[in-house]
Amino acid sequence: MKQLIALFILILVIGFNSKAQKIVKPSREGFDLIQDGIPHGKLDTISYESSTVGTVRNSVVYTPPGYSVNKKYPVLYLLHGIGGDEFEWLNGGHPEVILDNLYAENKVESMIVVMPNGRAMKDDSAGGNIMAPDKVQAFATFEGDLLNDLIPFIEKTYPVLKDREHRAIAGLSMGGGQSLNFGLGNLDKFAWVGGFSSAPNTKSPEELVPDPEKAKEQLKLLWISCGDADGLLRFSTRTHEYLQKNNVPHIYLEEPGGVHDFKVWKNGLFMFSQLIFKPVDSSTFPLYNSGLFNQ
Ligand code: FER
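Predicted, not measured: the structure shown is a model, and the values here were computed from it. (Residues numbered from 1 in each chain as written. Predicted model: local features only at pLDDT ≥ 70, side-chain atom pairs only at ≥ 80, totals over all residues. Heavy atoms only, no water.)

(A) View of the overall build of the protein. Counting secondary structure elements, the protein contains nine helices and eight strands. In terms of overall dimensions, the protein has a C-alpha envelope of 75 × 45 × 35 Å along the principal axes. Looking at the protein as a whole, 53% of its 295 residues qualify as buried. Taking as baseline every contact in the protein between residues at least 6 positions apart, the subset at least 24 positions apart corresponds to 77%. Carbon and sulfur atoms make up 55% of the accessible area of the protein, which totals about 13600 Å². (Helix = DSSP H or I, 4+ residues; strand = E, 2+ residues; numbered from the N terminus. Buried < 20%, exposed > 50% of the residue type's maximum accessible area, 1.4 Å probe, protein only. Contact = heavy atoms within 4.5 Å. Areas by Shrake-Rupley, 256 points an atom, 1.4 Å probe, with all protein chains shown as cover.)

Next up, the structure:
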């Protein structure tokens, strides 16, 4: 009888653990190196008509290994920073390599990744004075382009799932600010939101999350990460502190020694992409912080 009880407890423990979401560890050496002999996703450049800007605009799209039009995919919108354009992630972060490697280990849900140009204006190049007020404004204008032009284009062009639980938004710096602003501002559209080293365009916490109860109900995952040596760290900490005060579950990660660069952003993508479009266990969220990096 004792043995039976012990067996029963063992089964319960195993059952419980297998349901719990695994803690995703920070990236390790080699995570961003091209591997031969594994399946690779595909990169395309697409063009869509933007009623918001009045031009035809470009995005880069990564479809996963094994992509098939007979399946339906969730979509991650992945946004660049103030000095970049739709190619910044590709050139600086090689998300296609990071994701190919994760797929090879079966660590990510199959998803389509869309990398737009987040500077919604006629000349959306990253040339000239990238800090010019009209160029900075264009990062805010992108909300309309994304919601009214790009997302509908993606949804009629690719086999994608169209509900909020199958749409994620994340980005670096200005793109991190955009992701928090647009994601938290449109909880009916996005359930997974990530800001990596979010820039001063990030709205104040009170504007971002005016209704903590609603955010708590609607969000699947809110991810905020930043290097602890990044001059923009305060835009992440102030959001984190407000969320903590208002009991809105989120992951907050300060990367030790991290500055404002792709080392932090690539790790952000590496970790965030493994968490999205899967069952979530928010009890693990507080375990994410610098401690993880010391293991
Ligand atoms: C600023 C400092 C940094 C700012 C934007 C940034 C609009 C963006 C940095 C980036 O995207 O890497 O004062 O103001």
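(B) Molecular detail of the side chain of Q274. By the element assignment, Q274 lies in helix α9 (residues 262–275). Those residues in contact with Q274, other than ones at most four positions away along the chain, are V24, L102, K107 and V108.

(C) Expanded view of the side chain of H250. Position of H250 among the secondary structure elements: in the loop between α8 (233–245) and β8 (251–255). Only 2.7 Å separates the side chain of H250 from the side chain of H240, close enough to count as a polar contact. At a separation of 2.8 Å, a polar atom in the side chain of H250 contacts the main-chain carbonyl oxygen of V248. In this view, H250 contacts L222, H240, L243, Q244 and F285; residues no more than four positions away in its chain are not counted. (Polar contact = N/O pair within 3.5 Å; in protein donor to acceptor, adjacent residues only side chain to side chain.)

(D) Main features of the site of the ligand. Inspection of the region around the ligand gives G81, I82, M131, S173, M174, A199, P200, L232 and H260 as its neighbouring residues. At a separation of 3.1 Å, an oxygen atom of the ligand approaches a polar backbone atom of M174. A distance of 3.0 Å separates an oxygen atom of the ligand from a polar atom in the side chain of H260. Burial of the ligand by the surrounding chains reaches 72%, relative to a free accessible area of 370 Å². Residues that form the shell around the ligand fall into these classes: six nonpolar, three polar and no charged. (Near = heavy atom within 4 Å. Nonpolar A, V, L, I, M, F, W, Y, C, P; charged D, E, K, R; others polar.)

(E) Highlighting the environment of E29. Structurally, the position occupied by E29 is in the loop between α1 (2–19) and β1 (42–50). For E29, a relative accessible area of 86% gives the class exposed. The spacing of E29 and L208 is 179 residues in sequence and 35 Å in space, taken between C-alpha atoms.

(F) View of the sheet that holds strand β7 (residues 221–227). Read across the sheet, eight strands follow the order β1-β2-β4-β3-β5-β6-β7-β8 without closing on themselves; strand pairing throughout is mixed. Here the strands that pair on one side only, and so sit at the sheet edges, are β1 and β8. Here the average twist between neighbouring strands, direction ignored, is 20°. Here β1 runs beside strand β2 (residues 55–63); their pairing, made up of nine bridges, is antiparallel. Of the residues in β2, the one forming a bridge with D44 is V61. In this fold helix α4 (residues 133–157) packs onto β1, β2, β3 (75–79), β4 (112–116) and β5 (167–172), with an angle of close to 120° to the strand it touches most, β1. (Pairing = 2+ DSSP bridges. Axes fitted to C-alpha atoms, helices over the stretch in contact; angles between N-to-C directions.)

(G) Layout of the pairing of β3. Of all five residues making up β3, five are buried, and the element is well covered by its neighbours. Residue alternation in β3 divides its side chains into two sets, V75, Y77 and L79 and L76 and L78, and both sets are buried. Bridge analysis of β3 against β4 gives three bridges, and the strand direction is parallel. Note that in β4 the partner of Y77 across the bridge is V114.

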